[in-house]
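Per-entry structural report
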Amino acid sequence: MGVAADLSHVASRAEVTGYEGPDKLEDCLKDSQVVVIPAGVPRKPGMTRDDLFNTNAGIVADLTSAFATACHKAMLCIVTNPVNSTVPIAAEVLKRRGVYDPRRLFGVTTLDIVRANTFVAEAKGLDVNKVSVPVIGGHSGVTIIPVISQAVPGVSFKTADREAITRRIQNAGTEVVEAKAGAGSATLSMAFAAERFVVSVLSAIDGKRAVIECAFVESTVTEAPYFSTPILLGRDGVEENLGLGSLLDYEAKLLQSAMPELLANIDKGVKFAKERY
Ligand code: LMR
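These figures come from a predicted structure and were not determined experimentally. (Residues numbered from 1 in each chain as written. Predicted model: local features only at pLDDT ≥ 70, side-chain atom pairs only at ≥ 80, totals over all residues. Heavy atoms only, no water.)

1. Observations concerning the packing of aromatic side chains
Enumeration according to the criterion identifies three aromatic pairs in this entry. Ring centres of Phe106 and Phe197 lie 5.5 Å apart, and the angle between their planes is 65°; this geometry places the pair in the edge-to-face category. Of this pair, Phe106 sits in strand S3 (residues 105–107) while Phe197 sits in helix H8 (residues 188–205), placing them 91 residues apart in sequence. The two residues Phe106 and Phe197 agree in class, both being buried. Looking at Lys124, its charged tip hangs above the ring of Phe157, at a distance of 4.4 Å from the centre. (Phe/Tyr/Trp six-rings, centres within 6.5 Å; stacked < 30°, edge-to-face > 60°. Helix = DSSP H or I, 4+ residues; strand = E, 2+ residues; numbered from the N terminus. Buried < 20%, exposed > 50% of the residue type's maximum accessible area, 1.4 Å probe, protein only. Lys NZ or Arg CZ within 6 Å of the ring centre and 35° of its normal.)

2. Here we look at the UniProt feature "active site" (unreviewed entry) in the chain
Per the UniProt record, "active site" (unreviewed entry) is found at His139. Examined against the element boundaries, His139 turns out to sit in the loop between strand S4 (135–137) and strand S5 (144–146). The exposure class of His139 is buried, given its relative accessible area of 6%. Ignoring anything within four residues of it in the chain, the contact list for His139 reads Arg49, Asn81, Val83, Asn84, Thr109, Asp112 and Ile144. (UniProt positions renumbered as here; feature names shortened; annotations may be inferred. Contact = heavy atoms within 4.5 Å.)

3. Concerning the pattern of salt bridges
For the structure shown, the criterion picks out 14 salt bridges. Here Glu122 makes a salt bridge to Arg168, at a shortest N to O gap of 4.0 Å. Taken as a pair, Glu122 in helix H5 (residues 110–124) and Arg168 in helix H6 (residues 159–170) lie far apart in primary sequence, 46 residues in all. Looking at Glu122, the relative accessible area reads 56%, which means it is exposed. (Salt bridge = Lys/Arg side-chain N within 4 Å of Asp/Glu carboxyl O.)

4. Points about the UniProt feature "domain: Lactate/malate dehydrogenase C-terminal" (unreviewed entry) in the chain
As annotated by UniProt and renumbered to match this structure, "domain: Lactate/malate dehydrogenase C-terminal" (unreviewed entry) occupies residues 109–272. Secondary structure content for residues 109–272 is 48% helix and 17% strand, and the end C-alpha separation is 22 Å.

5. Quick notes on the confidence of the model for the chain
Chain-level statistics for the chain give a pLDDT mean of 97 and a share of 100% at 70 or above. Element-level pLDDT for the chain is lowest in helix H1 (residues 2–8), with a mean of 96, against a maximum mean of 99 in S3. The complex prediction reports pTM at 0.97, with the ipTM value standing at 0.99. (pLDDT = per-residue confidence, 0-100.)

6. Some details on the packing of helix H4 (residues 83–96) against helix H9 (residues 249–276)
One way to put it is that H4 packs onto H9 with a least axis distance of 7 Å and a crossing angle of 35°. Crossing geometry of H4 relative to H9 is assigned as right-handed. Residues Asn84, Ser85, Pro88, Ile89 and Glu92 of H4 lie in contact with H9, whose contacting residues are Leu262, Asn265, Ile266, Gly269, Val270, Phe272, Ala273 and Lys274. Grouping the amino acids of the contact of H4 with H9 by side-chain chemistry returns seven nonpolar, four polar and two charged. (Axes fitted to C-alpha atoms, helices over the stretch in contact; angles between N-to-C directions. Left-handed = near helix turned anticlockwise from the far one by under 90°. Nonpolar A, V, L, I, M, F, W, Y, C, P; charged D, E, K, R; others polar.)

Put into structure tokens, the structure is as follows:
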């Protein structure tokens, strides 16, 4: 309730209401058009996102189940890690409840794009507000695949610099976890990124055209059943998956190295949900 009171003082057109406790969950979700799940525990130094699975998987499954009851036609945006597994968990819960619409379920990977834009703009002395670097794949370590060759405006890097900036983008979450030294993971940059994604989803619902964001969605673009690529958003969520585009050999190799971990993460989520529900 404290957070609700705090937020309610922000000068915006938004009305803020607070709900507390599992009993109020369905009231809270009722009539929502967009639901964002950031709940769960964060990493500590030395942990991978997958190490959060045991705690966060159940939280996402329970919240998705309430979503299925209260507002299954809404867009469901999942921030909770490990995103590579929590999105498949949500999909399985929704399937089980007979209300799954793959166009409306998103893993929020926008922080990877935000970081890629920031690091590339810094390296090249560009205005970050005019830089756009797609990041595809998943949201952990090697599954984060920056596609710097498709950056707008075009940028060129020596091989060693391209590799270094790619590694930095892949490890940027860990950079924050280590700097916070046990006090959690990224919150402010994550809030910035999630706000960007949610505003895009809302604008598309409102009829704005040509809204594109990378997001981790059900996909047939690669062998992975969920994969992040640029998505054209529309009134009903995913309007068109814009696919991989052309990749440099280096980026194609990153994709190859990502696949085993990504497939294992997805599989783990699907198995968990199938066993639980
Ligand atoms: C991030 O990328 O910062 C988040 O996924 C949190 C984390 O654990 O790294």
